[in-house]
Amino acid sequence: MTEAKIEAEKEKKLASVSKILGEPVFFEANQLALKIRTNLMVLSLVAIVITFYNLKIEQGSSVLGLKVENLDIGVVKTVFYGLFLI
């Protein structure tokens, strides 16, 4: 191959890659996918709050059958604000 053909092929490949990467990709999300996404976001938020605030579950029963240590109003506000953003 000549150098001109190689350069032309490189330009063609570069143009096709730029076209593919330059356009946003949209997918149709059905109700099940949206429900799964929402559930995963909620579980992620709960896991982050438990880890960040060093919350522990005791054997006693107070909220939904669980007693949580180190729980204060700041943690509760963080959870509600996070759920509002989801």
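Residues numbered from 1 in each chain as written. Predicted model: local features only at pLDDT ≥ 70, side-chain atom pairs only at ≥ 80, totals over all residues. Heavy atoms only, no water.

## Focus on the overall build of the protein
And step 1. When its secondary structure is counted, the protein shows 3 helices and 2 strands.
And step 2. Counted from the first residue to the last, the protein has its helices and strands arranged as α-α-β-β-α.
And step 3. Within the protein, buried positions represent 6% of all 86 residues.
And step 4. Of the contacts made within the protein by residues no fewer than 6 positions apart, 35% connect residues no fewer than 24 positions apart.
And step 5. By element, 66% of the accessible surface of the protein is carried by carbon and sulfur atoms, the whole surface being about 7900 Å². (Helix = DSSP H or I, 4+ residues; strand = E, 2+ residues; numbered from the N terminus. Buried < 20%, exposed > 50% of the residue type's maximum accessible area, 1.4 Å probe, protein only. Contact = heavy atoms within 4.5 Å. Areas by Shrake-Rupley, 256 points an atom, 1.4 Å probe, with all protein chains shown as cover.)

## A few points about the pattern of salt bridges
One side chain can pair with another of opposite charge once the charged atoms of both are near each other.
And step 1. Considering all chains together, one arrives at 1 salt bridge under this definition.
And step 2. Across the salt bridge formed by Lys13 and Glu9, the nearest N and O atoms sit 3.7 Å from each other. Highlighted residues: Lys13 and Glu9, both in helix α1 (residues 3–22), separated by 4 residues, approximately one helical turn. (Salt bridge = Lys/Arg side-chain N within 4 Å of Asp/Glu carboxyl O.)

## A word on the confidence of the model for the protein
And step 1. For the protein, mean pLDDT is 78; residues scoring 70 or higher make up 77% of the total.
And step 2. Per-residue pLDDT, averaged within each element of the protein, yields its smallest value for strand β1 (residues 56–63) (61) and its largest for α1 (88). (pLDDT = per-residue confidence, 0-100.)

## Observations concerning helix α2 (residues 31–52)
And step 1. For α2, built from 22 residues, the straight-helix expectation of 32 Å at 1.5 Å per residue is met to within 8% by its first-to-last C-alpha distance of 31 Å.
And step 2. Looking at the residues trailing α2, positive phi occurs at Asn54, about 55 degrees. (Expected span 1.5 Å × (residues − 1).)

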